[in-house]
Amino acid sequence: YLFNLALEEVHKADKLGVVVFQFPESFGDTAEHRQRISRYRKWLDRKFTMAIEFRAKGWFFDAADAAEMKKNSAVEPV
């Protein structure tokens, strides 16, 4: 509730683009973390757009894909 209240004035002034949730690299693609993100979306007022910044590669590649990309490329998947 307080988080939404804090965003309200910025939203009313039309100065709020999106609310970004940033997670550390340790925040991998797990059922628990997916549930946590769903909870955050429910807590955040629907009038606010939510964006998520994932840093853990598992959200984008499974371990086999990442290993194959690393083996065949000079660039690590990001």
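Criteria and thresholds
Residues numbered from 1 in each chain as written. Predicted model: local features only at pLDDT ≥ 70, side-chain atom pairs only at ≥ 80, totals over all residues. Heavy atoms only, no water. Core = buried A, V, L, I, M, F, W, Y, C linked by side-chain atoms within 4.5 Å. Buried < 20%, exposed > 50% of the residue type's maximum accessible area, 1.4 Å probe, protein only. Contact = heavy atoms within 4.5 Å. Salt bridge = Lys/Arg side-chain N within 4 Å of Asp/Glu carboxyl O.

A. Looking closely at the nonpolar core. Core analysis: the biggest nonpolar cluster contains eleven residues, these being Leu7, Val19, Phe21, Phe23, Phe27, Ile37, Leu44, Phe48, Met50, Ala56 and Trp59. Filtering out sequence-adjacent residues up to four positions away, Phe27 remains in contact with His33, Arg36, Ile37, Phe54, Ala56 and Trp59.

B. A look at the pattern of salt bridges. For the structure on display, the rule yields four salt bridges. Between Asp29 and Arg34 there is a salt bridge, and its shortest N-O distance comes to 2.7 Å. Exposure remark for Asp29: the relative accessible area of 35% places this residue in the partly exposed category. With relative accessibility at 46%, the residue Arg34 sits in the partly exposed group.

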